[in-house]
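The lines below spell out each chain.
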Amino acid sequence: MNGELVRYEDVKIHISAEALTRALSVFEGLKGYWTDDGEVFAIRSPRKHYDRLCRSAALLHIPISFGYEDFVTGLVTLGAELLVPERDLWFRTTLYVTDGHWGEGTVADLVVTAFTQQKNDPDPMRLGVSTWRRASDVALPARIKSSANYVGGRLARIETRRLGYDDAVLLNDAGRVAEATGACILIANDGKIITPPTSEGCLDSITVGALATLAETMRIPFSHRPVERTELLTAQECGVAGTISELTMVEEIDGYRYDQTGVLSRLREMYLRVMRGEASVPGIDLVPLLDADRKSLLKGSPGDRAAG
Ligand code: PMP
């Protein structure tokens, strides 16, 4: 927290901070992977996460007092403490507004937390379309990653979980597909992949960007365009994409079933191979952070830093 290692249970934020009273925080979730041989721990696209954090903060007039290098140093410092060979790590970098009032005198603290994560790939999911909608861009902009955005996702998740599903699809105020509660939605028909653009009410997803790049190298047509509810329900394949979800296949939405053998499944396999360092694709950046002895790989390798 603020450049210091602090025990998880000792982190303090005042109850009157706008982070708590008005959910005024912006954050990023980053994923780090061990390569298959266990030699290198690398993180996907830290620069893109830092840039999005800056965009989220800028929209909400939250000042940022650290640069990209400080941000990555935070990840390395915490990673070196917590990393174990059997598990990957995901990081949550949260900028909490700790001082100021209604936009006057805003001060924010960056807190980086990390959690170990099993290396297994997630099982296919079952989703339900929620009656809760994604707020429009002029009400609660979904394009940035602010904590307040997750109130709608919470309602949708609880609603669909009560019906026995794993997660929810949120439609936008025009009734078209926006996203899931913490991931974007992709469908595939006749060998072509489609995902709604951010203007449909989804986060500007870094994973979707990586998947689009990968699809191009695999010569799989990939387009960003609006998706209506019936197109979602009658698609051949469906998946959810996000840093933590990676590309998880969807087996069912509201009783409509999907294949798991087409282009989306192929894209998923390739994405996971790239994350494990088995294949590399220009434009998908995995920045090596630590070696097997948890020593920083950033030192003396400015190329790696810039690669983000
Ligand atoms: N939508 C929402 C609401 C999310 O929380 C996430 C996860 N960050 C995503 C989409 C996927 O974005 P990304 O690929 O950048 O993780």
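Each value, and the rule that gives it
- Residues numbered from 1 in each chain as written.
- Predicted model: local features only at pLDDT ≥ 70, side-chain atom pairs only at ≥ 80, totals over all residues.
- Heavy atoms only, no water.
- Helix = DSSP H or I, 4+ residues; strand = E, 2+ residues; numbered from the N terminus.
- Expected span 1.5 Å × (residues − 1).
- Buried < 20%, exposed > 50% of the residue type's maximum accessible area, 1.4 Å probe, protein only.
- Phe/Tyr/Trp six-rings, centres within 6.5 Å; stacked < 30°, edge-to-face > 60°.
- Polar contact = N/O pair within 3.5 Å; in protein donor to acceptor, adjacent residues only side chain to side chain.
- Contact = heavy atoms within 4.5 Å.
- Near = heavy atom within 4 Å.
- Areas by Shrake-Rupley, 256 points an atom, 1.4 Å probe, with all protein chains shown as cover.
- Nonpolar A, V, L, I, M, F, W, Y, C, P; charged D, E, K, R; others polar.

## A look at helix H7 (residues 263-275)
So, step 1. Over its 13 residues, H7 extends 18 Å from the first C-alpha to the last, a length consistent with the 18 Å expected when each residue adds 1.5 Å.
So, step 2. Turning to H7, its buried residues number three or more, namely Val263, Leu264, Ser265, Leu267, Arg268, Tyr271, Leu272, Val274 and Met275.
So, step 3. At the C-terminal side of H7, Gly277 shows a positive phi close to 75 degrees.

## Describing the packing of aromatic side chains
So, step 1. Considering all chains together, one arrives at seven aromatic pairs under this definition.
So, step 2. When the centroid spacing of 5.4 Å and the interplanar angle of 50 degrees are considered together, the rings of Phe27 and Tyr150 count as tilted. With Phe27 in strand E1 (residues 25-34) and Tyr150 in helix H4 (residues 150-162), this residue pair connects regions lying 123 residues apart in the sequence.
So, step 3. By relative accessible area, Tyr150 is classed as partly exposed at 30%.
So, step 4. Ring-pair connections join several aromatic residues into one group, and the members of that group are Tyr50, Phe66, Tyr68 and Phe71.

## Section: the side chain of Thr181
So, step 1. Position of Thr181 relative to the elements: it lies in the loop between strand E7 (177-180) and strand E8 (184-189).
So, step 2. Classification of Thr181 by relative accessible area gives buried; the value is 7%.
So, step 3. Of the polar contacts made by the side chain of Thr181, one reaches the side chain of Arg157; its length is 2.9 Å.
So, step 4. Polar contacts involving the side chain of Thr181 include one to the side chain of Asp167, which spans 2.8 Å.
So, step 5. Not counting residues up to four positions away in its chain, the partners in contact with Thr181 are Arg134, Tyr150, Gly153, Ala156, Arg157, Asp167, Ala168 and Leu170.

## Overview of the site of the ligand
So, step 1. Around the ligand sit 16 residues, and of these Tyr150, Glu179, Ser205, Thr207 and Thr243 come closest.
So, step 2. Within the side chain of Arg52, one N or O atom sits 2.7 Å away from an oxygen atom of the ligand.
So, step 3. At 2.8 Å from an oxygen atom of the ligand is found a main-chain nitrogen or oxygen belonging to Ile206.
So, step 4. When the free accessible area of the ligand is taken as 380 Å², the share hidden by the protein chains comes to 94%.
So, step 5. Secondary-structure elements contributing two or more residues to the shell around the ligand are helix H5 (206-217) and strand E11 (237-242).
So, step 6. For the shell around the ligand, the residue count by class is six nonpolar, six polar and four charged.

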